[in-house]
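# Notes for the structure review
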Amino acid sequence: MRIDPFDPRNASDRQYAAATEFSNRIRAEIVPDDPPVPLEERIQGWRNIPAFVETSAWHVWRDDGSQIIGGGDVSFLRTEENRHLVTFGIGVLPEFRRQSIARRLLALIVEVPKREDRRLMITSTNGAVPAGEAFMRGLGAQMARANHTNQLDLQDLNRDLLRSWQESGRERASGFG
């Protein structure tokens, strides 16, 4: 395997395609019911990162260069606020975990906050991927906040109930204003 830098604003078509495939694989593990993000949408997102956002990223490729198997990134804002922190992410395809790929990416990532004199690194893990929390715990990271995501399938939405709530709100609000 080899680790190459990835410039999300100026990557090649091949890099964008491989990065999208990798990102969609990681995303499918976290939100399996969501559709993959189309290549063009990803490219637009990468190319339109604001200039005040500094981003460094790396991809881990199979030896034959056929596939991205891991990735890491670190970002921070060139603003007056939050000059002490960076955000980062690391992902490794399930079949390549437990091979020190994440640790190798982390070694590259931590150089950025050192260079920029930033003392706090923030990331997130997801309960659908227990390996992420285990990795962070193994590093000695402290959980600062737990989040919970709710999803509503619009096919299951009771539209009659929604309409009754809207009507009730209109009736109750009629005396205001």
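All figures in this text were calculated on a predicted structure; none of them were measured in a lab. (Residues numbered from 1 in each chain as written. Predicted model: local features only at pLDDT ≥ 70, side-chain atom pairs only at ≥ 80, totals over all residues. Heavy atoms only, no water.)

## Details of the overall build of the protein
Counting secondary structure elements, the protein contains 6 helices and 5 strands. Reading the helices (α) and strands (β) of the protein from amino to carboxyl end gives β-α-α-β-β-β-α-α-β-α-α. Computed over C-alpha atoms, the radius of gyration of the protein comes to 21 Å, more than 25% over the 16 Å expected from 2.2 N^0.38 for 177 residues, which places it beyond the range of a compact globule. Seen through its principal axes, the protein has C-alpha atoms that stretch 65 × 40 × 35 Å. Counting only residues that meet the buried cut, the protein has 29% of its 177 residues in that class. Here the contacts in the protein between residues at least 6 apart in sequence split such that 61% fall between residues at least 24 apart. Accessible surface computed for the protein: about 12,300 Å², of which carbon and sulfur atoms make up 49%. (Helix = DSSP H or I, 4+ residues; strand = E, 2+ residues; numbered from the N terminus. Rg over C-alpha atoms; globule rule 2.2 N^0.38 Å. Buried < 20%, exposed > 50% of the residue type's maximum accessible area, 1.4 Å probe, protein only. Contact = heavy atoms within 4.5 Å. Areas by Shrake-Rupley, 256 points an atom, 1.4 Å probe, with all protein chains shown as cover.)

## Remarks on the side chain of Ser23
Take Ser23: it is sitting in helix H1 (residues 13–30). The buried category is assigned to Ser23, whose relative accessible area is 19%. With sequence-adjacent residues up to four places away left out, Ser23 is seen in contact with Arg42 and Trp46.

## Quick look at the packing of aromatic side chains
For the coordinates displayed, the defined rule picks out 3 aromatic pairs. Seen in terms of ring centroids, Phe6 and Trp46 are 5.5 Å apart; in terms of plane orientation they differ by 80 degrees. Their pairing is edge-to-face. Remark: Trp46 occurs in helix H2 (residues 39–47) and Phe6 occurs in the loop between strand S1 (2–5) and H1; sequence separation between them is 40 residues. Taken as a pair, Phe6 and Trp46 share a single burial class, namely buried. Judged by relative accessible area, Trp46 falls into the buried class, the value being 16%. A connected cluster of aromatic rings, assembled from ring pairs, spans Phe6, Tyr16 and Trp46. (Phe/Tyr/Trp six-rings, centres within 6.5 Å; stacked < 30°, edge-to-face > 60°.)

## Comments concerning the packing of H1 against H2
Running from N to C, H1 and H2 cross one another at 105 degrees; their axes reach a closest spacing of 10 Å. The orientation of H1 relative to H2 falls into the category roughly perpendicular. Together, Asp13, Tyr16, Ala17, Ala19, Thr20, Ser23, Asn24 and Arg27 of H1 and Leu39, Arg42, Ile43, Trp46 and Arg47 of H2 make up the contact between the two elements. Looking at the contact of H1 with H2 residue by residue, the classes come out as 6 nonpolar, 3 polar and 4 charged. (Axes fitted to C-alpha atoms, helices over the stretch in contact; angles between N-to-C directions. Parallel < 35°, antiparallel > 145°, perpendicular 65-115°, else oblique. Nonpolar A, V, L, I, M, F, W, Y, C, P; charged D, E, K, R; others polar.)

## Focus: the pattern of salt bridges
Scanning the model with the defined rule gives 11 salt bridges in all. One salt bridge in this structure joins Glu95 and Arg25, with 3.0 Å as the shortest N-O distance. Linking Glu95 in the loop between strand S4 (85–92) and helix H3 (101–109) with Arg25 in helix H1, this pair joins segments that are 70 residues apart in sequence. Here the salt bridges share partners, and the residues they tie into one network are Glu54, Arg78, Arg115 and Glu116. (Salt bridge = Lys/Arg side-chain N within 4 Å of Asp/Glu carboxyl O.)

## What about the sheet that holds strand S2 (residues 53–61)?
In spatial order, the strands read S1-S2-S3-S4-S5; together these 5 strands make up an open sheet with mixed pairing. Only two strands of the sheet have a single partner each, and these edge strands are S1 and strand S5 (120–122). Looking at each pair of strands side by side, their axes are set apart by 20 degrees on average, direction ignored. Where S1 meets S2, 4 bridges bridge the pair, whose relative direction is antiparallel. Across the sheet, Pro5 pairs through a bridge with Trp58, a residue of S2. (Pairing = 2+ DSSP bridges.)

## Quick notes on the environment of Arg9
You can see Arg9 is positioned in the loop between S1 and H1. According to the relative accessible area criterion, Arg9 is partly exposed, its value standing at 26%. As for Arg9 and Asn48, which are separated by 39 residues in sequence, their C-alpha atoms are 7.1 Å apart. Within the structure, Arg9 has its side chain in polar contact with the backbone oxygen of Ile49 (distance 3.4 Å). Separated by 2.8 Å, the side chain of Arg9 and the backbone oxygen of Pro50 make a polar contact. (Polar contact = N/O pair within 3.5 Å; in protein donor to acceptor, adjacent residues only side chain to side chain.)

It is worth stressing that arrangement in space is one thing and function is another; only the former is reported here.
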